[in-house]
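Remarks on the overall topology
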Amino acid sequence: QVQLVESGGGLVQAGGSLRLSCSASGNIFSINAMGWYRQAPGKQRELVAVVTSGGSTNYADLVKGRFTISRDNAKNTVYLQMNSLKPEDTGVYYCNVELGTLGYWGQGTQVTVSS
């Protein structure tokens with residue numbers, strides 16, 4: 001059994017910052033990659049950022065330069081530091097973990113950016 005616990009979402013004004021965290025627990029053997037996705041109102045879920053077990057990262061063009069993804073392998077935790085937030089960043093943010101050959105999703109955490 002694997003569980004993903006997300007935290008750090010909330011309401012913030014434009015230009016502000018939030019830090020999301022996602023911790024995996026349970027029967028953890030090997031994490032290949034961890035990432036963040038988001039779903040804005042009326043839109044499909046999209047990739048925000050991913051970090052692999054080797055430390056490689058990639059970002060969506062809309063967040064590059066503003067968001068930073070990082071990991072703590074000892075804690076099986078991935079973070080998303082979000083700076084210079086815009087109203088367009090509003091949405092539900094989902095943690096994703098690739099464990100072996102399987103993928104797992106967090107329940108999602110709401111991020112709301114007001115103007």
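Scroll up to find the structure this text is about.
Here we summarise the structure given alongside this text. Residue positions are counted from 1 within each chain, in the order its sequence is given. Per-residue local features of the predicted model are confined to residues with pLDDT of at least 70, and side-chain atom pairs are confined, for both listing and counting, to 80 or more; whole-chain, interface and lining totals are unaffected and use all residues. Side-chain figures throughout are based on the complete set of non-hydrogen atoms in the structure, without hydrogens or water.

**Some points on the pairing of strand β4 (residues 31–39)**
At least two bridges found by DSSP between two strands is the condition for calling them paired. Only DSSP runs of H or I covering at least 4 residues are called helices, and only runs of E covering at least 2 are called strands; the numbering of each starts at the N terminus. Examined bridge by bridge, β4 and strand β9 (residues 91–99) share eight bridges and lie antiparallel to one another. By the bridge assignment for β9, isoleucine 31 is matched with leucine 99. Joining the antiparallel neighbours β4 and strand β5 (residues 46–52) is a turn of six residues, in which glycine 42 adopts a positive phi near 75 degrees.

**Brief notes about the state of the cysteines**
Criterion for a disulfide: a pair of cysteine sulfur atoms within 2.5 Å. The final tally for this structure, using the stated rule, is one disulfide. Linked covalently through their sulfurs, cysteine 22 and cysteine 95 form a disulfide whose S-S length is 2.1 Å. The sign of the -85 degrees torsion about the S-S bond sets the cysteine 22-cysteine 95 disulfide as left-handed. Of this pair, cysteine 22 sits in strand β3 (residues 18–26) while cysteine 95 sits in strand β9; the two residues are 73 residues apart in sequence, bridging distant segments of the chain. Pair check on accessibility: cysteine 22 and cysteine 95 agree, each one buried. Relative accessibility under 20% of the residue-type maximum defines a buried residue, over 50% an exposed one, and the middle range a partly exposed one, all with a 1.4 Å probe and only protein chains included.

**Notes on the pattern of salt bridges**
Any carboxyl oxygen of Asp or Glu within 4 Å of a side-chain nitrogen of Lys or Arg constitutes a salt bridge here. Scanning all chains against the criterion turns up three salt bridges. Between arginine 66 and aspartate 89 there is a salt bridge, and its shortest N-O distance comes to 2.8 Å. Of the two residues, arginine 66 is situated in the loop between β6 (57–59) and β7 (67–72) and aspartate 89 in the loop between β8 (77–82) and β9; the sequence distance between them amounts to 23 residues. Side by side, arginine 66 and aspartate 89 carry an identical accessibility label, which is buried. Counted as one network, the salt bridges with shared partners bring together Arg38, Glu46, Arg66 and Asp89.

**Points about the packing of aromatic side chains**
Only rings of Phe, Tyr and Trp enter the pairing, Trp through its six-membered ring, and a pair is recorded when the two centres are within 6.5 Å. The plane angle decides the type: under 30 degrees is stacked, over 60 is edge-to-face, the rest tilted. In total, this model carries one aromatic pair according to the counting rule given. Considering the side-chain rings of tyrosine 37 and tryptophan 105, the 5.0 Å spacing of their centres and the 65 degrees angle between planes classify their relative orientation as edge-to-face. One end of the pair, tyrosine 37, is in strand β4; the other, tryptophan 105, is in strand β10 (residues 102–105), with 68 residues separating them in the sequence. Tryptophan 105 gets classed as partly exposed once you look at its relative accessible area, which sits at 43%. We note arginine 19 situated over the ring of tyrosine 79; from NZ or CZ to the ring centre the distance is 4.1 Å. For a Lys NZ or an Arg CZ to count as sitting over a ring, it must be within 6 Å of the ring centre and within 35 degrees of the ring normal.

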